[in-house]
Amino acid sequence: MKTIKIFIGWACLIALIHFNSCDNYLEMPEQAGMNRDSVFATYRNTEKYLYDLYRDVPRILLDWSTITVNLNGPSRTALTDEAGALALQSAYSPHKVYAGNVTSTWFTKSTGEDWYDLHWGSIRRNWVMLENIDRVPDATQAQKDRIKGECKTLIALEYFEMWKRYGGLPLLKQSLEASEYPVIVRSSVEEVYNYIIQLCDEAIAIPDFPAKVTNPIEFGRATKALAYGLKARTMLYAASPLFNTATPYMDFGENNKLICFGNYDINRWKNARDAAKAAIDFCESNGYAIVNNAGIDKNYVTASCFRPKDGNSEIIFGTCFSVDQSGNLRYWWMFRGRGGGAAANQPTHNAVEFYSNRDGSKVNWDNGIITTPPNEPTFPYKNLDPRFHQTIVYNGCAWYTNPDMIVQFYDAAPGSGISNGQESRTTARTEYYYGFRKYLTNYEKSAAGFYPMHPIMRLGEMYLIYAEASNEYEGPRDQAFNYMDAIRTRSGMPVMDRTIGQDEFQDLIKAERAVELLAEDHRYFDLKRWKEPEKMLKIYNVNILKHANGTYTYEKYLHQTRLWFEWWYLHPFPYEEVNKNYGLIQNPGW
């Protein structure tokens, strides 16, 4: 906890002295008493400014008070088939998406999915650092070079986050003052892609940019491993159907290259494969490793939720920063009926069906009602993938032990004469009969000191990128199977059948991403880059009834049908920016 307090202490201090971003994304006036000369006069002051560069890095766990972007409680997982936002809370912003009631202002401002202006503020802060770091008199060359590597990687990360949402973008390659407000037109998808890769390569080439953070106090700083991983992730998106096509999702006429490459090139898959392999090799030769020494019932939660000091050898980039230091962030992920849970992120039954049994078979939820043996509420779930039990809370499972607290997601069957479960819809006013355990592990009983890690990038993702890109480029190959098996077997799942064909392997890779990366901010963008939004539109739930004889019945049903429009593949730019008429062409359909 000392590590996190130190990090947040720096961040709070820098909030008082940073170059505040104005509403205009290119304006960043200096403040009295802390101008550039004073910031770069000493390494200590420069280091304070360095921490401000991380103020707007991506966050997975959002909350009501997050100063960057939020959905008024839920996270982006609630925009997909992974989860839903509690219907009783109309203020939860994902409901706008479910109903198709969104505008460009909502999508790109503080209560929506993204906050467009903040990307540019972050890019400019990094350029200010790059342009001034060499004049810090008491900084060593190694310190300067490390910061240069961080800045280039963070600029690339900001551009990637915008590129995957908006397509072609203006390219800003220096800091600009308000008086220098330029006319910056949108560059093509390909030009922005090339710039991201260029920045990653430049960061990788810096000798004193470290491969990993070795001081726990510095956890959350960018490393060369992040630059390698970001390059692979960017190339994966470039190779995917959304961008890698001559026929965009909507005809944009002469502007088609602002929303796709304008051609299909299978070598983009090869590039992604090779970049993933380079990232894996670099990471594994510099101390990173797939977590496989904590046991099959803990490997996954260690890899996805714990910090390096707690045994996570696989996290490439993660943050623990949250402005909500009171622990309220925990409540947005907590299910109703337990610890003040707000049920902002409730796993859907769709998410439950992502998981296979440990022998590779699937539970058949579509063949009528499942009836359990007496007093065995966990019967449908008990043989599921261990990652399920480390991710999702379900009827009959232990929320914590000593003393035992068993989750009761059931209603009493009519005429049974028994009481509703403590977390039932009737008792707790819940909606879905599931809750999240992921991110709440070790915080089941208390919110004290709740600083969960945001797993922005980990080595397991690189394995999945390699498998997907390799299969798309050349069909099933041993190395792709090896990486998939490494992910699966560390969680007690069987190795894959190596006789399957390319299409079946592709489906299994997608299914594995859905499980391994669940609620890690990938699903929403995966389904868009694959052009498979239909998978997150029909949302299923279960009715669970407890009967007088101790048996339970589970009945799957269609709970909600969400809306989708083809112009949603890419986000809109803010109307106010487009209306300034400096060349920011709006995406089609908006």
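About the criteria used
- Residues numbered from 1 in each chain as written.
- Predicted model: local features only at pLDDT ≥ 70, side-chain atom pairs only at ≥ 80, totals over all residues.
- Heavy atoms only, no water.
- Pairing = 2+ DSSP bridges.
- Helix = DSSP H or I, 4+ residues; strand = E, 2+ residues; numbered from the N terminus.
- Buried < 20%, exposed > 50% of the residue type's maximum accessible area, 1.4 Å probe, protein only.
- Contact = heavy atoms within 4.5 Å.
- 1 Å grid on protein atoms, 1.4 Å probe; cavity = no way out; pocket = protein on both sides within 12 Å on 5 of 7 lines; lining within 4 Å.
- Points joined across faces, edges and corners; volume = space filled by probe spheres on them.
- Nonpolar A, V, L, I, M, F, W, Y, C, P; charged D, E, K, R; others polar.
- Expected span 1.5 Å × (residues − 1).
- Axes fitted to C-alpha atoms, helices over the stretch in contact; angles between N-to-C directions.
- Parallel < 35°, antiparallel > 145°, perpendicular 65-115°, else oblique.
- Left-handed = near helix turned anticlockwise from the far one by under 90°.
- Salt bridge = Lys/Arg side-chain N within 4 Å of Asp/Glu carboxyl O.
- Core = buried A, V, L, I, M, F, W, Y, C linked by side-chain atoms within 4.5 Å.
- Phe/Tyr/Trp six-rings, centres within 6.5 Å; stacked < 30°, edge-to-face > 60°.

Re the sheet that holds strand S4 (residues 370-371)
Phase 1 of the analysis: Spatially, four strands are ordered S4-S12-S11-S8 in an open sheet, and the strand pairing comes out mixed. Here the strands that pair on one side only, and so sit at the sheet edges, are S4 and strand S8 (411-412).
Phase 2 of the analysis: As judged from the nine bridges shared by strand S11 (residues 538-546) and strand S12 (residues 552-561), these two strands associate in the antiparallel manner. Bridging from a neighbouring strand, Asn541 pairs with Tyr557 of S12.

Quick notes on the pairing of strand S10 (residues 454-458)
Phase 1 of the analysis: The element S10 is largely enclosed, with a buried count of five among its five residues.
Phase 2 of the analysis: In this structure, strand S2 (residues 315-319) lies alongside S10, joined through four bridges in antiparallel fashion. Of the residues in S10, the one forming a bridge with Thr319 is His454.

Side note on the side chain of Ser104
Phase 1 of the analysis: With respect to the helices, strands and loops of the structure, Ser104 is situated in helix H5 (residues 104-107).
Phase 2 of the analysis: Sequence-distant contacts of Ser104, defined by excluding residues within four places in its chain, comprise Pro572, Phe573, Tyr575, Gln586 and Trp590.

Topic: empty space enclosed by the protein
Phase 1 of the analysis: For the coordinates displayed, the defined rule picks out eight cavities of 30 Å³ or more.
Phase 2 of the analysis: Lining the second largest cavity are Pro58, Ile60, Glu161, Lys164, Arg233, Tyr237, Ile456, Glu520, Asp521 and His522.
Phase 3 of the analysis: Mapped by element, the contributors of at least two residues to the lining of the second largest cavity are helix H7 (141-166) and helix H9 (224-239).
Phase 4 of the analysis: Counted by class, the lining of the second largest cavity contains four nonpolar, one polar and five charged residues.

Digging into helix H18 (residues 502-516)
Phase 1 of the analysis: End to end, H18 covers 21 Å across 15 residues, agreeing with the expected 21 Å (1.5 Å per residue, within 8%).
Phase 2 of the analysis: Along H18, the positions that sit buried rather than exposed are Phe505, Ile509, Lys510, Glu512, Arg513, Ala514, Val515 and Glu516.

Thoughts on the environment of Glu516
Phase 1 of the analysis: The residue Glu516 is located in helix H18 in this model.
Phase 2 of the analysis: Ignoring anything within four residues of it in the chain, the contact list for Glu516 reads Tyr300, Arg387, Lys438, Arg458, Leu464, Ile487 and Arg490.

Observations regarding the packing of helix H16 (residues 459-474) against H18
Phase 1 of the analysis: Contact geometry of H16 with H18 gives a least axis separation of 10 Å together with a crossing angle of 160°. Accordingly, the angle class assigned to the pair H16 and H18 is roughly antiparallel. The element H16 and its partner H18 pack so that their crossing is left-handed. Of H18, the residues touching H16 (which contributes Leu464, Ile465, Ala467, Glu468, Asn471 and Glu472) are Gln502, Phe505, Gln506, Ile509, Glu512, Arg513 and Glu516.
Phase 2 of the analysis: For the contact of H16 with H18, the per-class residue count stands at five nonpolar, three polar and five charged.

Overview of the packing of helix H10 (residues 267-284) against H16
The description of two helices packed together rests on the angle between their axes and the distance between the axes.
Phase 1 of the analysis: At a minimum axis distance of 8 Å, the contact between H10 and H16 shows a crossing angle of 150°. Relative to H16, H10 is oriented roughly antiparallel. For H10 against H16, the interelement crossing comes out left-handed. Along its contact with H10, which presents Asn267, Trp269, Lys270, Ala272, Arg273, Ala276, Lys277, Ala279, Ile280, Cys283 and Glu284, the element H16 presents Leu459, Met462, Tyr463, Ile465, Tyr466, Glu468, Ala469, Ser470, Glu472, Tyr473 and Glu474.
Phase 2 of the analysis: Here the residues of the contact of H10 with H16 sort into 13 nonpolar, two polar and seven charged.

What about the pattern of salt bridges?
Phase 1 of the analysis: Inspection of the entire model under this criterion finds 52 salt bridges.
Phase 2 of the analysis: Salt-bridge contacts for Lys148 lead to Asp134; the nearest nitrogen and oxygen are separated by 3.0 Å. With Lys148 in helix H7 and Asp134 in the loop between helix H6 (116-132) and H7, this residue pair connects regions lying 14 residues apart in the sequence.
Phase 3 of the analysis: Overall, Lys148 belongs to the buried group, its relative accessible area being 18%.
Phase 4 of the analysis: A residue is classified by how much of its surface remains accessible, and Asp134, at 44% relative accessible area, is partly exposed.
Phase 5 of the analysis: Via salt bridges that share partners, Glu314, Asp385, Arg387, Lys438, Arg458, Arg488, Arg490, Glu512, Glu516 and Glu520 belong to a single interconnected network.

Let's talk about the nonpolar core
Phase 1 of the analysis: Among the nonpolar cores identified, the biggest contains 173 residues, and Met129, Tyr159, Trp163, Tyr381 and Met462 are the most heavily contacted of them.
Phase 2 of the analysis: Apart from residues no more than four positions distant in its own chain, Met462 is found in contact with Gly229, Ala232, Ala276, Ala279, Ile280, Ile316 and Met457.

Examining the packing of aromatic side chains
Phase 1 of the analysis: Enumeration over the complete set of coordinates arrives at 39 aromatic pairs.
Phase 2 of the analysis: Ring centres of Tyr116 and Phe573 lie 5.7 Å apart, and the angle between their planes is 90°; this geometry places the pair in the edge-to-face category. Of this pair, Tyr116 sits in helix H6 while Phe573 is found in the loop between S12 and helix H20 (575-578), placing the two residues 457 residues apart along the sequence. Here Tyr116 matches Phe573 in class, with each residue buried.
Phase 3 of the analysis: Ring plane angle 90° and centroid distance 5.7 Å describe the contact between Trp120 and Tyr159, whose orientation is recorded as edge-to-face. Here Trp120, found in helix H6, pairs with Tyr159, found in helix H7; they are 39 residues apart in sequence, far enough to count as distant.
Phase 4 of the analysis: Grouping aromatic residues by their ring pairs yields a cluster made of Trp106, Phe107, Tyr249, Trp564, Phe565, Trp567, Trp568, Tyr569 and Trp590.

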